[in-house]
Amino acid sequence: MLVYNDQYHKKQELETIEPGKIRMYVCGPTVYDQIHIGNARTFLSFDVIRRYLVHKGYEVTFAQNLTDVDDKIINRANEQGRTAAEVAEEYSQAFIEQMRRFNILDPDIRPRATAEIEAMQEMISSLIEQGSAYVVGGDVYFSVRDCKTYGIVSGRDVDQLMVGARIEENEDKRDPLDFALWKAAKPGEPSWESPWGPGRPGWHTECCAMIHRYLGCPIDIHGGGSDLSFPHHENEAAQASCAWHEPLANIWMHTGMLQVSGDKMSKSLGNFHTLKEVLDRYPANAVRLLMLQTHYRSPLDFSFERLDGVAGTLERLEGSVTNLRWAASHASGAGDDDALDAAVATARAEFAEAMDDDFNTAGGLAAIFGLMTAANTYLDDAGADASAAACTAAADALVELAGVLGIMLGEAAGEALPEELVGLAAEHAGYAGDSAAEAAEALLAARQEARAEKDWARADAIRDAIAALGLAIEDTAAGARLKAKEQ
Ligand SMILES: [Zn+2]
């Protein structure tokens with residue numbers, strides 16, 4: 001399969017360091033606020049990349065840090081009269097909660113910067129010993145010009161970078177390009193003891209030390225938003241190169257930026273949206289579907305109008321799975337299955353082909369929707385004679401392929417019939433078991449019987465009791481069934 005390596009600006013055949021295994025790292029958030037949907041797009045992209053690699057059979061180890069000490073956290077804490085640790089803890093939990101709501105898989109390893117100070121200090125000491133870093137006052141800086149490989153990740157030339165570079169006031173670096181590995185503590189800031197005096201690590205130092213500690217260098221894939229390519233990833237790679245004489249990663253992957261209705265998202269434009277705000281209004285499946293219609297490297301245009309459109313598409317997809325499952329358990333099965341079997345095989349092949357081409361999720365979705373259309377046509381044509389095996393295979397394929405994209409359909413979404421149906425069926429249909437699905441069948445059969453006997457009062461009572469549980473009765477070619485009522 002082909003993966004775009006941003007370091008070389010081209011797609012390359014995926015070759016792993018260890019056969020069948022992939023170690024990947026994606027820079028996590030600085031936890032001072034709810035994350036915005038631009039960050040969410042990056043984390044979603046790498047969630048799908050990870051899911052697809054696992055689907056392909058790779059054993060993936062995925063690490064993502066939490067930057068829980070940073071100027072932004074300290075500023076927020078000062079504004080709110082709290083400690084930086086309190087702010088970081090609140091937004092670490094908020095981040096984890098929103099990631100789970102968005103159906104993003106937890107990382108295998110989630111190191112926190114404040115718990116990794118020792119590993120960072122070891123790396124800094126090694127850089128100083130090797131002449132790649134120097135101490136000024138209580139600060140430690142990385143000497144960019146002494147790093148032979150500087151510029152390899154972002155393709156920048158050190159002399160070009162000098163143009164526009166400047167030394168901020170109160171900085172004592174030797175060269176404007178140098179960056180802080182360790183920052184001396186200012187009054188009131190969180191700090192840790194170190195050989196260079198009390199202070200805290202620089203942001204670029206964190207990821208590098210954690211990758212080395214938890215995954216080992218080089219890793220297979222390092223990811224983040226395209227705004228992290230320079231200077232963050234460049235500085236991470238420079239430290240690894242000078243500390244351990246190893247590349248940090250073999251493949252660098254960066255996600256495109258997100259725009260809102262064609263504009264850059266910003267608080268001043270009033271189009272700034274947090275993931276929480278969007279997930280409070282729309283299901284995770286819909287937000288994922290919208291974002292995955294655009295390739296992860298391309299700019300993504302987000303809008304609530306597009307999201308409304310996607311919600312309808314998603315409903316049709318969910319309906320298709322429901323209809324296939326229903327047909328599988330209720331149709332006679334006498335019909336031909338060739339057309340649907342062929343559509344399943346085509347969808348699987350097209351999905352793999354698209355995703356093998358640098359995770360082309362738009363192509364993957366097109367394969368899923370192609371199968372949906374073919375399945376709907378098949379069900380219309382076959383009616384009550386649909387083949388159970390073919391319907392089951394098609395429903396399984398839709399659920400599985402959508403699941404690789406983290407879009408959970410049908411049973412995978414955990415949509416079960418309410419347990420209260422068992423009690424209703426006992427009351428109205430003499431049902432004595434304890435299965436909600438059987439209870440639903442018993443209630444529908446009882447209602448059918450009542451209607452056949454023109455016992456409208458009983459038929460209506462059953463319908464009303466079912467409606468009280470938020471369910472509606474839908475009549476189909478193969479008989480009646482229960483479904484959730486439209487909101
Ligand atoms: Zn990072």
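Computed from a predicted structure; not experimentally measured.

Asks: Would you explain the overall build of the protein in this entry?
Replies: A count of helices and strands for the protein gives 16 helices and 15 strands. Judged by the C-alpha coordinates and their principal axes, the protein covers about 95 × 50 × 40 Å. Within the protein, the fraction of its 487 residues that count as buried is 43%. Considering only contacts in the protein between residues 6 or more positions apart, those separated by 24 or more positions represent 70%.

Asks: What exactly am I supposed to notice about the domain arrangement of the protein here?
Replies: Accessible area lost when the parts come together is the quantity often used to give the size of an interface. One can read the domain layout of the protein as domain 1 (2–255), domain 2 (304–413) and domain 3 (420–484). If you average the C-alpha positions of domain 2 and of domain 3, the two centres end up 28 Å apart.

Asks: Help me understand unusual backbone geometry, please; the structure alone is not making it clear to me.
Replies: What is expected of a backbone is that most residues other than glycine have negative phi and most peptide bonds are trans. For the peptide bond that leads from Cys217 to Pro218, omega is -5 degrees, which places it in the cis range. Within the fold, Pro218 resides in the loop between helix H6 (203–214) and strand S9 (219–225). Looking along the chain, the bond that leaves Phe230 and enters Pro231 is cis, with omega of 0 degrees. With respect to the helices and strands, Pro231 occurs in helix H7 (residues 229–244). Despite not being glycine, Phe359 has its phi angle at roughly 55 degrees, a positive value. Here Phe359 lies in the loop between helix H11 (338–356) and helix H12 (361–382). Since 25 C-beta atoms lie within 10 Å of it, Phe359 is described here as buried.

Asks: How should I be thinking about the sheet that holds strand S13 (residues 300–302) in this particular structure?
Replies: The strands that make up a sheet are held in pairs by hydrogen bonds between backbone atoms, and each pair lies either parallel or antiparallel. The strand order across the open sheet built from three strands is S12-S11-S13, with neighbouring strands paired in mixed fashion. Looking at the sheet topology across the chains shown, the edges are occupied by strand S12 (263–264) and S13. Pairing geometry for strand S11 (residues 258–260) and S12, over two bridges, is antiparallel. Opposite Val260, over in S12, you have Asp263 as the bridge partner.

Asks: Sorry if this is basic, but what is going on with H11 here?
Replies: Turn by turn, an α-helix covers 3.6 residues, leaving residues three or four places apart pointing in a common direction. Across its 19 residues, H11 extends 27 Å between first and last C-alpha, which sits within 8% of the 27 Å expected from 1.5 Å per residue. Three or more residues of H11 are buried, namely Leu340, Ala343, Val344, Ala347, Phe351 and Met355. Taken end-on, H11 shows its buried residues confined to a sector of 100 degrees, consistent with a single buried face. Seen from the open side of H11, the exposed residues pointing more than 90 degrees away from its buried face are Asp338, Ala342 and Ala349. Buried-residue contacts for H11 involve helix H1 (37–55), H12 and helix H13 (388–404).

Asks: Is there a simple way to explain the sheet that holds strand S3 (residues 21–26) in this structure?
Replies: Taken together, four strands build an open sheet; the order of strands is S4-S3-S9-S10 and the sheet is parallel. Edge positions in the open sheet fall to strand S4 (59–63) and strand S10 (249–255), since each of these has one partner strand only. With strand direction ignored, the average angle separating the axes of adjacent strands in the sheet is 20 degrees. As defined by bridge partners, S3 adjoins S4 across five bridges and the pair is classed as parallel. Along S4, the bridge assignment pairs Arg23 with Thr61.

Asks: Hey, could you run me through the pairing of strand S2 (residues 10–13) in this one?
Replies: It is a general feature of regular strands that their side chains alternate between the two faces of the sheet. Of the pairings in the sheet, the one linking strand S1 (residues 2–5) to S2 comprises four bridges and is antiparallel in character. Residue Asn5 lies in a different strand from S2, and its bridge partner there is Lys10.

Asks: Where do I start with the nonpolar core in this structure?
Replies: Nonpolar side chains in soluble globular proteins tend to be buried together. Ranked by size, the top nonpolar core spans 126 residues in total, and within it Ile368, Leu371, Ala394 and Leu398 carry the most contacts. Both domains that furnish three or more residues to this core are identified here as domain 1 (2–255) and domain 2 (304–413). Contacts of Ala394, omitting those with residues within four sequence positions, involve Leu324, Leu340, Ala343, Val344, Leu371 and Ala375. Leu424, Ala442, Leu444 and Ala450 belong to the second-largest nonpolar core, a separate cluster that totals 16 residues.

Asks: Whenever I open this one, the packing of H11 against H12 confuses me. Can you help?
Replies: A packed helix pair is summarised by two numbers, namely the angle formed by the two axes and the spacing between the axes. With their axes 7 Å apart at the nearest point, H11 and H12 run at an angle of 170 degrees to one another. One finds that H11 runs roughly antiparallel with respect to H12. Between H11 and H12, the contacting residues are Ala339, Leu340, Ala343, Val344, Ala347, Glu350, Phe351, Ala354 and Met355 on the first element and Gly363, Gly364, Ala367, Ile368, Gly370, Leu371, Ala374, Ala375 and Tyr378 on the second. Here the contact of H11 with H12 is composed, by residue class, of 14 nonpolar, three polar and one charged.

Asks: I keep staring at the packing of helix H10 (residues 304–330) against H12 and nothing clicks. Help me out?
Replies: Remark: H10 packs on H12, axes separated minimally by 10 Å, with the N-to-C direction vectors making an angle of 45 degrees. One way to sum up the angle between H10 and H12 is to call them oblique. Here the hand of the crossing between H10 and H12 comes out left-handed. Contacts between H10 and H12 pair Arg316, Leu317, Ser320, Asn323, Leu324 and Ala327 from the former with Met372, Ala375, Asn376 and Leu379 from the latter. Of the residues in the contact of H10 with H12, the class split is six nonpolar, three polar and one charged.

Reading the values: the criteria
Residues numbered from 1 in each chain as written. Predicted model: local features only at pLDDT ≥ 70, side-chain atom pairs only at ≥ 80, totals over all residues. Helix = DSSP H or I, 4+ residues; strand = E, 2+ residues; numbered from the N terminus. Buried ≥ 20, exposed ≤ 12 C-beta atoms within 10 Å, placed from the backbone. Contact = placed C-beta atoms within 7 Å. Domains from an automatic or database assignment. Pairing = 2+ DSSP bridges. Expected span 1.5 Å × (residues − 1). Arc of directions from axis to C-beta. Axes fitted to C-alpha atoms, helices over the stretch in contact; angles between N-to-C directions. Core = buried A, V, L, I, M, F, W, Y, C linked by C-beta atoms within 7 Å. Parallel < 35°, antiparallel > 145°, perpendicular 65-115°, else oblique. Nonpolar A, V, L, I, M, F, W, Y, C, P; charged D, E, K, R; others polar. Left-handed = near helix turned anticlockwise from the far one by under 90°.

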